[in-house]
Amino acid sequence: MKEHEEAHFRELSRDLAEDIRVRRMSQYIQHGSTTTYDHVLRVARTAYRLNHILHLKADDHSLIRASILHDYYLYDWHQRGDRLHGYHHARIAADNALRDFAISPAEQAMIRSHMWPLNLFSIPLSRGGWLLTIADKIASAQETVMDRIRPSANPC
Ligand SMILES: [Fe+2]
Ligand SMILES: [Fe+2]
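The structure displayed is predicted, hence computed values, not measured ones. (Residues numbered from 1 in each chain as written. Chains lettered and ligands numbered in written order. Predicted model: local features only at pLDDT ≥ 70, side-chain atom pairs only at ≥ 80, totals over all residues. Heavy atoms only, no water.)

A. Fine view of the coordination of the iron ion (ligand 1). Here the iron ion (ligand 1) is held by Asp71 (OD), His89 (NE2) and His114 (NE2), and the distances to it run 2.1 to 2.2 Å. Counting gaps between the donor residues of the iron ion (ligand 1) yields the pattern D-x17-H-x24-H. The iron ion (ligand 2) is placed at 3.4 Å from the iron ion (ligand 1), the two being bridged by Asp71. Of this pair, Asp71 sits in the loop between α4 (60-69) and α5 (85-101) while His114 sits in the loop between α6 (105-112) and α7 (127-149), and the two are 43 residues apart along the sequence. (Donors = N, O, S within 2.8 Å, 3.2 Å for Na, K, Ca; no water. Helix = DSSP H or I, 4+ residues; strand = E, 2+ residues; numbered from the N terminus.)

Printed below as a string of structure tokens:
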């Protein structure tokens, strides 16, 4: 990311990234050894970069807010034994984000549709929604690959 974009990203993400409720996501594992907190920040950064690289002109602030809150369900889904978590966590995250941060209808819609096409009938309807959905897939793939190639702490 260019220096001015990095500064802009940090400025727009600071409020949520430093919020104690958002930081609770660092207690939960998303994929492999990546916490949900690290995952949502990776998604926010990826969505922001795509928005600029592709000149899509989605609203940066809304895009970053929705990205940081897109997995704000606040539990470790691995320990719930919930095989349908992938289908309904977007709704839970949107409801929690509305309760705690009074997010806008556009931000709610972005969060609710981020699992498309798994949630086939919850299709993204905005540029921001598409950016978040794609950035989430890219970040998840990166985290899965990084985990596979990361040397084990205990090689024996
Ligand atoms: Fe998700
Ligand atoms: Fe995600």
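B. Unusual backbone geometry, seen in detail. Backbone torsion omega between Trp116 and Pro117 reads 10°, so that peptide bond is classified as cis. Looking at the element boundaries, Pro117 is found in the loop between α6 and α7. The backbone of Lys57 shows a phi angle near 60°, a positive value even though the residue is not glycine. Tracing the backbone through its elements, the reader meets Lys57 in the loop between α3 (36-53) and α4.

C. The arrangement of the pattern of salt bridges in detail. Per the counting criterion, the structure on display carries seven salt bridges. Note that Asp19 is salt-bridged to Arg21, the shortest N-O span being 3.0 Å. Owing to a relative accessible area of 16%, Asp19 belongs among the buried residues under this scheme. A salt bridge links Asp95 to Arg112, with the nearest nitrogen and oxygen atoms 3.0 Å apart. You can see Asp95 sitting in helix α5 and its partner Arg112 sitting in helix α6, a full 17 residues away along the chain. A relative accessible area of 29% means that Arg112 is categorised as partly exposed. Three or more residues are tied together by salt bridges with common partners; here these are Glu6, Arg10 and Arg45. (Salt bridge = Lys/Arg side-chain N within 4 Å of Asp/Glu carboxyl O. Buried < 20%, exposed > 50% of the residue type's maximum accessible area, 1.4 Å probe, protein only.)

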